[in-house]
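Structural overview
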Amino acid sequence: MAKNLGIIGLGWFANIIARSVAKKADGRVSIVAACDINPEKAEEFKSRFSVKKVYDNPEDLINDKEVDVVIIATPPYLHASLGEKALVAGKHIFLEKPGALRPEELGELAEIARQKNLKSSIDYVMRRNPLYLIMKKICDAKPFGLLERADLENYAHDDHMPPYHWFWDYSKSGGIWVEHGVHFFDVVNWLIGPPIEVRSVNIKRSGESITDRVMGFALHDGGAVVTYYHGFTKPEAFERATFYFVFERAYAEIYGWIPVKLVIDSLVTPEVEEFMKGQVLEAARKFLPGVDVELVTKKIAEYCCGRDQFTGKGKSFRAASRTRFEYIIKQDRWDVYMACVMKAIEDLMDSVDGIKTSPDVTLLDALKSLEIACRMEEHSLKY
Ligand SMILES: NC(=O)c1ccc[n+]([C@@H]2O[C@H](COP(=O)([O-])OP(=O)(O)OC[C@H]3O[C@@H](n4cnc5c(N)ncnc54)[C@H](O)[C@@H]3O)[C@@H](O)[C@H]2O)c1
């Protein structure tokens, strides 16, 4: 049966969510109610997305009998309290990240949802991207051995965020690690599990009170070292993000915060080559409805006749070639972004409709990534 969504917080991201829902338009979900404390935003949203009812008080939306699922897209400090109210009112919830400012709050939300048999999820879009699915396959099946290193370089934009924006206010956003870093902690948690140690440096903008750059280090079980850099210092038109992964027998690089290209430079056997061209590509192509993945491979070198034996980290292995795999998404990154948001909503709906017992991404995942963000804050040198 079609489900009715109600959305609270009608800012930039609520518009992306509503566009994602409108784009799909298969009748499975529709936004019937919307709420913002700013009545102008509410009216604008109402006319842009033909929403039946708008409210200026979140509790009115939460108590609207027609609403089955409450989406919370306010600034972070309101996520947990609004989420709790929605669950208590018997609504399923879809939280924008981080979902809370303290991990315990997410634990409490998960517990209320469990007791009331309601479903809940969080909008970790990177998990929905086929290129990260490829990374997951590689981390699970280990065709290139163990992960040794990963490095995120995220040069994000701040041109829409003046100094009074809630993003810079720790009491409202939780800071960069909590507000934004959680996306990347969640992906790495999914790929290889949580870190055992973290440290970071938080750097204030020269002469100002806002922290606009953070650099963190995480050591994982098995020895992988992951570093994360986030700088909110660029104009939007000039932002850049790359996530680099080094395995025993491969270098992999993901381009873009909403990635559309993954390049892997690797030493492979014919079996590994077959795996990357077959199973892995096939899974990626089926993963995100409406988004296709192409693969271009290039042999950089071929090895035979006794020259196919290599040693690294004290281990010997055979490789028939050095091969470059380039997985490319041709769609525009905004279409990919919206497809990821819609997949997250549909994942929640599958659990609401009993097609699966739980969504693929849960509040427990949100809790784990938020815990790491809070540890980064706690163990940070502040400049
Ligand atoms: N998943 C993603 O990829 C992604 C991307 C961007 C933002 N986000 C998240 O979305 C959330 C919103 O971010 P944004 O950029 O849209 O912010 P925004 O400032 O553009 O929008 C927030 C809206 O919430 C409204 N609001 C504030 N207090 C309210 C209240 N008590 N009741 C109702 N409405 C209230 C504001 O008036 C504003 O319209 C944040 O948690 C952010 O982290 C997620």
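Residues numbered from 1 in each chain as written. Predicted model: local features only at pLDDT ≥ 70, side-chain atom pairs only at ≥ 80, totals over all residues.

1. Focus on the site of the ligand
The environment of the ligand is made up of 23 residues, and the closest members are Gly-9, Gly-11, Trp-12, Phe-13 and Glu-96. With three residues, the top contributor of residues to the shell around the ligand is helix H1 (residues 12-24). Its residues assigned to classes, the shell around the ligand shows 13 nonpolar, four polar and six charged. (Near = placed C-beta within 6 Å. Helix = DSSP H or I, 4+ residues; strand = E, 2+ residues; numbered from the N terminus. Nonpolar A, V, L, I, M, F, W, Y, C, P; charged D, E, K, R; others polar.)

2. Side note on the domain arrangement of the chain
Along its sequence, the chain is carved into domain 1 (3-118) and domain 2 (127-338). Taking only C-alpha atoms into account, the centre of domain 1 sits 30 Å from that of domain 2. With 10 residues of domain 1 in contact, the opposing surface of domain 2 contributes 11 residues. Here the side of domain 1 that touches domain 2 is built from residues that sort into six nonpolar, one polar and three charged. (Domains from an automatic or database assignment. Contact = placed C-beta atoms within 7 Å.)

3. So, the sheet that holds strand S2 (residues 29-35)
With respect to topology, six strands assemble into an open sheet ordered S3-S2-S1-S4-S5-S6, the strand pairing being parallel. Since the sheet does not close on itself, it has two edges, and those belong to strand S3 (53-55) and strand S6 (120-122), each with one partner. Neighbouring strand axes in the sheet, compared pairwise and without regard to direction, differ in orientation by 25 degrees on average. The pairing of strand S1 (residues 3-8) with S2 spans six bridges and is parallel. (Pairing = 2+ DSSP bridges. Axes fitted to C-alpha atoms, helices over the stretch in contact; angles between N-to-C directions.)

4. Quick look at the sheet that holds strand S18 (residues 380-382)
As summarised here, the arrangement of the 10 strands in space is S14-S17-S13-S12-S11-S7-S10-S9-S8-S18, forming an open sheet in which the pairing is mixed. Whereas interior strands pair on both sides, the edge strands pair on one side only; in this sheet they are strand S14 (293-302) and S18. Taking each pair of neighbouring strands and ignoring which way they run, the sheet shows an average axis angle of 10 degrees. By the bridge criterion, six bridges tie strand S11 (residues 240-247) to strand S12 (residues 250-255) in an arrangement that is antiparallel.

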